[in-house]
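If you want the building blocks of each chain, they are given just below.
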Amino acid sequence: MKTKLIVLSLFTMVIASCHAEKKEPTTVLEFTSFKLKTTASEAEFNKLDAEIEDSFTSKQPGYIRRESGVNEQGEYVVMVYWESLDAAKASMDKFMADKAVATYAGMIESSTMKMSRFTIADKFTATNSTFTEVMTFKTKENTDAKAFKKVNKKVGTEFSEQQKGFLQRITGSNEAGEQIVVAYWDTKANSDAVINDFMQAPIAKEFMGMMDQTSIAMIRYQALSALKNVTLTNKDKVVALLNSFNTGDQTPISYINPTKYIQHNLGVADGLEGFGAVMQHAPEGGFKADVLRAFQDGAYVFTHTSYDFFGPKAGFDVFRFEDGKIVEHWDNLLPVQKPNPSGRTQFDGATALTDLDKTEANKAVVKGFIEHVLLGHEMDQLTSYINPKEYVQHNPAVADGLEGFGAAMQYFAANNLVMEYDKLHLVLGQGNFVLSISEGKFGKGAHTAYYDLFRLENGLIVEHWDVIAPIPPKTEWKNNNGKF
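The text that follows walks through the structure, step by step, so that each part is easy to find. (Residues numbered from 1 in each chain as written. Predicted model: local features only at pLDDT ≥ 70, side-chain atom pairs only at ≥ 80, totals over all residues. Heavy atoms only, no water.)

Looking only at helices and strands, one finds 12 helices and 18 strands in the chain. Here the chain holds 484 residues, and the buried ones make up 46% of them. Contacts spanning at least 24 positions in sequence make up 66% of the contacts within the chain whose residues lie at least 6 apart. For the chain, the exposed area adds up to about 24,800 Å²; of that, 54% sits on carbon and sulfur atoms. The chain carries 50 positive and 61 negative side-chain charges, and their two centres are separated by 6 Å. (Helix = DSSP H or I, 4+ residues; strand = E, 2+ residues; numbered from the N terminus. Buried < 20%, exposed > 50% of the residue type's maximum accessible area, 1.4 Å probe, protein only. Contact = heavy atoms within 4.5 Å. Areas by Shrake-Rupley, 256 points an atom, 1.4 Å probe, with all protein chains shown as cover. Lys, Arg positive; Asp, Glu negative; His and termini not counted. Charge placed at Lys NZ, Arg CZ, Asp CG, Glu CD.)

Structure below.
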């Protein structure tokens, strides 16, 4: 009898041990989000993204699958499933050092890039998905892990799995305490149709109530593989045209309307012939252009460029399109100056495009600043438009902050110099960047064009670049279109 008890005891221990050691198989989900540089072409990036998957990522040890997409705000997502954390890390290290992916990586705005890795137990099955929702978050402090896991699972069984077009829900977590939920849908329309119902569902309210609300990040994106006929935008055409100075590529010339090209650079003759004449008189080695920032506002594209155009110059260009062709051009150029008292140049500073939903509001702020402060001289309104604690200045002669602005004005007054804005001609913007074009007087009273580029945050101006250039007398004009 004693022997039987010992055998039974050992058998029970073995069974218990087997149950204790049994674990769900896990994989690693690498989640990366970013935006492209404003000078990058979405059509070209999407093409390169597919090539990267075929020629690089899918060839790495431990690779399972990769998917990429973009949302309506221009934010990209790349999610890669790996067999292990080591495989994910090894691939990223190789990616950063591989010259073959340099062009692709160089199109990404590095300041916007975020990457996290999560351990998951779900095996991907949503092969027909074209639209994905990703939520990352942390749970509230002292949240019971088992209770959260139970509620998390019930969201899937009691809500998501009951919806039309829903394909799969994948969940995971990482060592930093972050959670991830990925929901795959067949189409965006089916996902859109249940958003309000989800927020009202009792299980969803319980689920959301367990989250640290300040940590929630949500992105909904269309799979790049599902996007069809992605073509060059007007902004892409302008960047390609300016880059042709470097490459000699003749294709971008076709983006200019050959029968209607109104030129406002007063040193260049009107029409496509005038543009061609300038190119024919280029110095040995040609002109060079490094497009630093590019934006689109309706029919207009505006750029901020470092030129080698009869010497190093800073320039702003504005192009107007009709039916996909450039029909009008304005610009303002100034020889490159030394860094300003704060050590800033005419070119450095922020480049990331954000707040696409605030374009019109930001344009209104800049318009108000020009009209009330610079035209109306309502200096008491200055802090209604400029952030008094953060104002980064790239004007070659002015230091950062409102103090730098005030010191510059005092210098002008003490030396009988003027910086007068007489008329605001145009305000263009995209997201957090706004360009204003104005007319006035500068220095000893010379007739002057003011091109001011502003970056805004939370409704206030926080950064400024400009090109202030004299307008030549009419006797020197090579066209009759005027500067503005």
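At a minimum axis separation of 9 Å, helix α5 (residues 145-158) and helix α8 (residues 202-209) run at an interaxial angle of 150°. Crossing geometry of α5 relative to α8 is assigned as left-handed. Residue-level contacts link Phe148, Val151, Asn152, Lys154, Val155 and Glu158 of α5 to Ile203, Glu206 and Phe207 of α8. Residues that form the contact of α5 with α8 fall into these classes: five nonpolar, one polar and three charged. (Axes fitted to C-alpha atoms, helices over the stretch in contact; angles between N-to-C directions. Left-handed = near helix turned anticlockwise from the far one by under 90°. Nonpolar A, V, L, I, M, F, W, Y, C, P; charged D, E, K, R; others polar.)

Another aspect to go through is the packing of aromatic side chains. Evaluated as defined, the whole model comprises 30 aromatic pairs. The interplanar angle of 75° and the centroid separation of 5.5 Å between the aromatic rings of Phe166 and Trp185 together place this pair among those described as edge-to-face. Here Phe166 is found in strand β6 (residues 166-173), whereas its partner Trp185 is found in strand β7 (residues 178-185), with 19 residues between them in sequence. In this structure Phe166 comes out as buried when scored by relative accessible area, which is 14%. (Phe/Tyr/Trp six-rings, centres within 6.5 Å; stacked < 30°, edge-to-face > 60°.)

We now examine the layout of surface pockets. As a volume, the largest pocket reaches approximately 800 Å³. Together, 24 residues line the largest pocket, and Asp122, Lys149, Asn152, Thr171 and Gly172 are the ones closest to its centre. Of all the elements, α5 adds the most residues to the lining of the largest pocket, at seven residues. Of the volumes computed, that of the second largest pocket is approximately 520 Å³. (1 Å grid on protein atoms, 1.4 Å probe; cavity = no way out; pocket = protein on both sides within 12 Å on 5 of 7 lines; lining within 4 Å. Points joined across faces, edges and corners; volume = space filled by probe spheres on them.)

On to the sheet that holds strand β5 (residues 131-138). The strand order around the closed barrel formed by eight strands is β1-β3-β2-β8-β5-β7-β6-β4, and the pairing between neighbours is antiparallel. Each adjacent strand pair in this sheet contributes to an overall mean axis angle of 35°, direction not counted. Bridge count between strand β2 (residues 63-70) and strand β8 (residues 217-223): two bridges; the pairing is antiparallel. Bridge pairing links Val70 to Gln222 in β8. This element, helix α2 (residues 42-55), spans β1 (27-36), β2, β3 (75-82) and β4 (108-120) of the sheet and lies at about 175° to β2. (Pairing = 2+ DSSP bridges.)

The next subject is helix α10 (residues 271-280). Those residues of α10 lying buried are Gly271, Gly274, Phe275 and Val278. Angularly, the buried residues of α10 cover 125° about the axis, an arc narrow enough to put them on a single face. Facing away from the buried side of α10 by over 90 degrees, the exposed positions are Glu273 and Gln280. Where α10 is buried, its residues meet α9 (234-247). (Arc of directions from axis to C-beta.)

As a further point, take the environment of Lys358. For Lys358, the position within the fold is in the loop between β13 (325-335) and α11 (359-375). For the pair Lys358 and Gln430, spaced 72 residues apart in sequence, the C-alpha to C-alpha distance is 8.3 Å.

A separate point is the pattern of salt bridges. Scanning the model with the defined rule gives 20 salt bridges in all. Between Asp400 and Arg344 there is a salt bridge, with the nearest N and O atoms lying 2.8 Å from each other. Here Asp400, found in the loop between β14 (392-393) and α12 (401-414), pairs with Arg344, found in the loop between β13 and α11; they are 56 residues apart in sequence, far enough to count as distant. On the basis of relative accessible area, Asp400 is assigned to the partly exposed category, the value being 23%. (Salt bridge = Lys/Arg side-chain N within 4 Å of Asp/Glu carboxyl O.)

The phi torsion at Asp355 lies on the positive side, around 55°, for a residue other than glycine. Checked against the element boundaries, Asp355 lands in the loop between β13 and α11. A positive phi angle, near 55°, is found at Asn416, a position not held by glycine. Mapped onto the elements, Asn416 comes out in the loop between α12 and β15 (418-430).

With mixed pairing, the five strands of this open sheet are ordered in space as β14-β18-β17-β16-β15. Pairing within the sheet leaves two strands with one partner each, and these edge strands are β14 and β15. Inspection of the sheet shows β15 paired to strand β16 (residues 433-443) by 11 bridges, in the antiparallel sense. Within β16, the position partnered with Val418 by the bridge is Gly443. Here α11 sits on the sheet and contacts β15, β16, β17 (446-457) and β18 (460-470); the angle it forms with β15, its principal contact strand, is near 170°.

Quick look at the nonpolar core now. Here is a general trend for soluble globular proteins: nonpolar side chains tend to be buried in one another's company. Ranked by internal contacts, the top residues of the largest apolar core, which has 23 residues, are Phe34, Phe45, Tyr76, Trp82, Phe95 and Tyr104. Residues within four places of Tyr104 in sequence aside, it is in contact with Phe34, Phe45, Leu48, Asp49, Ile52, Arg66, Val78 and Phe95. Residues Leu374, Tyr385, Leu456 and Ile468 belong to the second largest nonpolar core, which totals 21 residues. (Core = buried A, V, L, I, M, F, W, Y, C linked by side-chain atoms within 4.5 Å.)

Further remarks concern the environment of Asp348. Residue position: Asp348 is located in the loop between β13 and α11. Along the primary structure Asp348 and Lys146 are separated by 202 residues, whereas in three dimensions their C-alpha atoms are 50 Å apart. Ignoring sequence-local partners within four residues, the contact set of Asp348 consists of Arg293, His394, Glu463 and Trp465.

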